[in-house]
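# Reading the structure
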Amino acid sequence: MKNILFQYMTRLTSLSEAEQQAIVEEIQIEPFKKGTVLFRQGEVPTKCYFILKGCVRQYSIDEAGREVTSNFYTEEQAIAVFNHHKDDKASEFTFTTVEDSVMVVGELNTEKDMYSKYTQLETMTRKMIEESFSEVQREFADFIASSPEARFKALLTKRPSLIDRVPQHQLASYLGITPESLSRIKKRMCQDHQ
C-alpha cells in the first residue's frame, strides 16, 4: 500500500526518498470495513483521507429525505471537506465506504505542523486540490449538458470500474436518474452492441 503513496509523492513533489520515507513513517494508514461512515452530514470533520484501496461514496439527504449521491472516491483520490469559510464548519455531505478500504488518515489539527515540517507536502496537497477541482469543474459542466444516456456512456469511458463496485441504486443517483432508467439505458446499450 505504501508504494502507491510513494508513487503519488514522486509525481507531485521533488521530495527526496529519505523525506518521503520519513513522511510515510509519520502518517497513519488504516483499514475500514465496508459501510463505515467516515463522517456525517452536519458533523464538523476532524480528519481528511487519501484512498490507497477501496471506494467511498459522498452523499447528502435532500429536503424530501432522499439520499443524493454526488461523488465516488477511489484509489489515489483525496477526501477533504473545504468548509473553513462557513460559520458552523459542518459538512454538507456524508462519506461512507462502499467496499473494504485502506486509507491514509490525516488529522486536520496537525496539518499545519506537517506542512511546516515538510514544505513540499503543502505543495503536493495544493496540486492534488487543483487537479481535483479542475476535474470536478469539467465533469459538472459535462453532466449538466448531457442526457442520462450520455452520462452513463461518459461513466463507462472515464470510470468503468464503478459499474461493478457500486450498488446500482447509488450509481443511478450519481447519474441523476432512477434505477429503472439506468436499467433501461444498460439494456438498450447491450442491444445496440449485439
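Cut-offs and rules
- Residues numbered from 1 in each chain as written.
- Predicted model: local features only at pLDDT ≥ 70, side-chain atom pairs only at ≥ 80, totals over all residues.
- Heavy atoms only, no water.
- Phe/Tyr/Trp six-rings, centres within 6.5 Å; stacked < 30°, edge-to-face > 60°.
- Helix = DSSP H or I, 4+ residues; strand = E, 2+ residues; numbered from the N terminus.
- Buried < 20%, exposed > 50% of the residue type's maximum accessible area, 1.4 Å probe, protein only.
- Lys NZ or Arg CZ within 6 Å of the ring centre and 35° of its normal.
- Salt bridge = Lys/Arg side-chain N within 4 Å of Asp/Glu carboxyl O.

With that out of the way, let us pick up the packing of aromatic side chains. Tallying each qualifying case throughout the model produces six aromatic pairs. When the ring of Phe39 is compared with that of Phe95, the centres are 4.8 Å apart and the planes differ by 50 degrees; the resulting orientation is tilted. Taken together, the residues Phe39 in strand S2 (residues 37-39) and Phe95 in strand S7 (residues 94-97) connect sequence positions 56 residues apart. Judged by its relative accessible area of 4%, Phe39 is buried. Ring geometry for Phe72 against Tyr174: centres 5.3 Å apart, planes inclined by 75 degrees, an arrangement best described as edge-to-face. With a gap of 102 residues between them, Phe72 in strand S5 (residues 67-73) and Tyr174 in helix H7 (residues 168-175) connect regions that are remote in the sequence. In this structure, Phe72 and Tyr174 share a single accessibility class: buried. Members of the aromatic cluster, joined through ring pairs, are Phe32, Phe39, Tyr49, Tyr73, Phe93 and Phe95. When the ring centre of Tyr59 is taken as reference, the NZ or CZ atom of Arg57 above it lies at 3.9 Å.

A few words now on the pattern of salt bridges. Going through the model one piece at a time under the given rule, you end up with seven salt bridges. Glu75 serves as the salt-bridge partner of Arg165, at 3.1 Å between the closest nitrogen and oxygen. Of this pair, Arg165 sits in helix H6 (residues 162-165) while Glu75 sits in the loop between S5 and strand S6 (78-79); the two residues are 90 residues apart in sequence, bridging distant segments of the chain. The exposure class of Arg165 is buried, given its relative accessible area of 19%. One salt bridge connects Glu99 with Arg165, and the closest N-O pair in it is separated by 2.4 Å. One end of the pair, Glu99, is in the loop between S7 and strand S8 (101-107); the other, Arg165, is in helix H6, and 66 residues separate them in sequence. Linked through salt bridges whose partners overlap, the residues forming this network are Glu75, Glu99 and Arg165.

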